[in-house]
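Chain by chain, the residues run as shown.
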Amino acid sequence: VDLSWNNYISSSKSIKDGANLENKDQNGLNGVKACTYNCMIEFYQIVVSHLKQQLKARCTASPLPSPSPSQLKNKNSATTIDSPTSFNYDRKVEILITILGECINTLEIESKQFGIQGNDIPPVLCHLDLQPQNMIVCRKETKDPSRKGSKNSENHTNQIPRIFSVLDWEESCYADPRFELLLMCRKVVANRDQANVLWETYGTIMERRFGKTKSNSDGYSSSNSMIGPIEPWLKLETVHSLITLSMQGMNLGGRSPWENRPELWKKILREVQRLVDLGWDFCGRVLDC
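Starting afresh in each chain, residues are numbered from 1 along the sequence in its written order. With the structure being a predicted model, the display of local features is reserved for residues of pLDDT at least 70 and the display and counting of side-chain atom pairs for 80 or more, all residues being used for whole-chain, interface and lining totals. Side-chain numbers here rest on the full set of heavy atoms in the structure, without hydrogens or water.

### Some words on the overall build of the chain
What counts is decided by this rule: Helix and strand assignments follow DSSP, with helices taken as H or I runs no shorter than four residues and strands as E runs no shorter than two, numbered in order from the N terminus. Note on exposure labels: buried denotes an accessible area under 20% of the residue type's maximum, exposed denotes more than 50%, and partly exposed covers the range between, all computed with a 1.4 Å probe on protein chains only. Accessibility throughout is a Shrake-Rupley quantity obtained with a 1.4 Å probe, and a residue counts as covered only by protein chains that appear here.
Broken down by element type, the chain carries 10 helices and six strands. Buried residues in the chain amount to 40% of all 289 residues. Accessible surface, the chain: about 16700 Å² in total, of which carbon and sulfur atoms supply 51%.

### Some thoughts on helix 5 (residues 88-113)
Three or four residues apart is the spacing at which side chains of an α-helix point the same way, because the helix has 3.6 residues per turn. How we decide: To estimate how far a helix should reach, multiply one less than its number of residues by 1.5 Å.
With 26 residues, helix 5 extends 37 Å between its outermost C-alpha atoms, agreeing within 8% with the 38 Å of an ideal straight helix rising 1.5 Å per residue. Positive phi shows up at Gly115, right after helix 5, with a value of about 70 degrees.

### Comments concerning the nonpolar core
For soluble globular proteins, the rule of thumb is that nonpolar side chains tend to be buried together. Our working definition: In these notes, a set of buried Ala, Val, Leu, Ile, Met, Phe, Trp, Tyr and Cys residues joined through side-chain atoms within 4.5 Å is what counts as a nonpolar core. In this description, contact between two residues means that some pair of their heavy atoms is separated by no more than 4.5 Å.
In terms of nonpolar packing, the biggest core is built from 57 residues, with Tyr44, Leu236, Val239 and Ile243 touching the most fellow members. Of all the secondary-structure elements, those providing two or more residues to this core are helix 3 (37-61), helix 5, helix 6 (177-187), helix 7 (192-210), helix 8 (231-249) and helix 9 (261-277). Not counting the four nearest positions on each side in its chain, Leu236 is found in contact with Tyr37, Met40, Ile41, Tyr44, Leu107 and Phe179.

### A few points about the environment of Val48
On the secondary structure map, Val48 appears in helix 3. For Val48 and Ile243, which are 195 residues apart along the polypeptide, the C-alpha to C-alpha distance reads 7.5 Å. Excluding residues that lie within four positions of it along the chain, Val48 makes contacts with Ile97, Leu100, Gly101, Ile104 and Ile243.

### Brief notes about the packing of aromatic side chains
Quick note on the threshold: Two rings from Phe, Tyr or Trp (for Trp, the six-membered ring) form a pair when their centres are within 6.5 Å of each other. A pair whose planes differ by under 30 degrees is stacked, one over 60 is edge-to-face, and the rest are tilted.
Inspection of every chain in the model, using the stated rule, returns six aromatic pairs. On the numbers, 5.3 Å between centres and 80 degrees between planes, the contact of Phe179 with Trp233 is edge-to-face. Of this pair, Phe179 sits in helix 6 while Trp233 is found in helix 8, placing the two residues 54 residues apart along the sequence. The pair formed by Phe179 and Trp233 is uniform in burial state, with each residue classed as buried.

### Remarks on the confidence of the model for the chain
Convention followed: The predictor attaches a confidence to each residue, and that confidence, scored 0 to 100, is pLDDT.
Overall, the predicted model of the chain reaches an average pLDDT of 76, with 65% of residues at or above 70. In the model, residues 1-28 has pLDDT below 50 throughout and makes 55 contacts with residues more than four positions away in sequence or in other chains. Ignoring residues within four places in sequence, the model shows residues 214-224, a span with pLDDT below 50, making 34 contacts including any to other chains.

### So, the pattern of salt bridges
Spelled out, the test is: Think of a salt bridge as a Lys or Arg side-chain nitrogen and an Asp or Glu carboxyl oxygen that are within 4 Å of each other.
All told, the structure shown has seven salt bridges when counted by the stated rule. Among the ionic pairs, Glu102 bridges to Arg285, the shortest N-O distance being 2.6 Å. Within this pair, whereas Glu102 is found in helix 5, its partner Arg285 is found in helix 10 (residues 284-288), the two being separated by 183 residues in sequence. When its relative accessible area of 28% is taken as the criterion, Glu102 is described as partly exposed. The partner of Glu237 in a salt bridge is Arg186, with the nearest N and O atoms 2.5 Å apart. Taken together, the residues Glu237 in helix 8 and Arg186 in helix 6 connect sequence positions 51 residues apart.

### Digging into the state of the cysteines
Note the cut-off: Any cysteine sulfur atom paired with another within 2.5 Å is treated as part of a disulfide.
By the definition in use, this model includes zero disulfides. Unpaired in this structure, Cys103 has its nearest cysteine sulfur neighbour in Cys283, at a distance of 3.6 Å. Cysteine Cys126 remains unbridged, with the sulfur of Cys173 as its closest cysteine sulfur at 5.9 Å.

### Brief notes about unusual backbone geometry
The backbone of Leu128 sits at a positive phi, close to 70 degrees, despite the residue not being glycine. Relative to the helices and strands, Leu128 resides in the loop between strand 1 (124-126) and strand 2 (135-138). What makes Leu128 buried here is its relative accessible area of 18%. Of note, the phi angle at Asp168 is positive, near 60 degrees, even though the residue is not glycine. Secondary-structure assignment places Asp168 in the loop between strand 5 (162-166) and strand 6 (173-175). Assessed through its relative accessible area of 41%, Asp168 is described here as partly exposed.

### A short note on helix 7
Stated precisely, the cut-off is as follows: To be clear, the arc concerns the directions from the helix axis to the C-beta atoms.
A rise of 1.5 Å per residue sets the reference length of helix 7, with its 19 residues, at 27 Å; its end C-alpha atoms lie 27 Å apart and thus fit the reference within 8%. Within the sequence span of helix 7, burial applies to Ala195, Asn196, Trp199, Gly203 and Met206. Relative to the axis of helix 7, the buried residues are bounded by an arc of 100 degrees and lie together on one face. Of the exposed residues in helix 7, the ones pointing more than 90 degrees away from its buried face are Asp193, Val197, Arg208 and Arg209. Of the surrounding elements, those touching the buried residues of helix 7 are helix 6 and helix 8.

Here it is, written out as structure tokens:
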């Protein structure tokens, strides 16, 4: 079963037969519901359920060998997570998928707690991979009146580059614009402080445009912004990343076999640490396994 995102979206019976793609409450594009925070939670629930089934089927076909007492005590055992006879990797993935189920349940709870549910911003066409390598930028030449009569009185180049064109739209979809903003906060800016500034600036612009404000006693930054706090969205994107990496490790999609399992597990641990840093201490069980 290929569970890569695009194939899963197009072939999932659960989604096609359900009401998930029908939009009666929000004006969609050709009758298709725009992607929102809560519909992604529903999607993750379906995918994680499939991952559990796949892991169970794999373990039934090839039962995992029981670890010896010395292996249980020694985390630096010669048996590595990349060896064919290893019990380690599949057991780690089993714990990870269990935690992902808890993450998705917590996302659903927090979507109500922080007022995300029912607070949909008008959807737009989102690129969803808006990184510098997908942009062509240029500097516009302009006349400088102050330089009249000098050797440099002709055209000069503005030092601030402008976006001339955006490339590679294969990941685009009709969605809540916060998805676009979120990916820029995760993949483009240099650190969390810059991400907060970008998120809050966009929120201020949205308030000016639509004349709305959003109030919550959540204690997070941007709590008075129409777009809400950034933290729940960072958690959503990190869960998305962990599901994708899990699929890759189970050869169900992603970039396999570009990375071996130890390298992949290091990536997984970095993403899990992000969730712990965002306050989800229960995810620490993955770091301990």
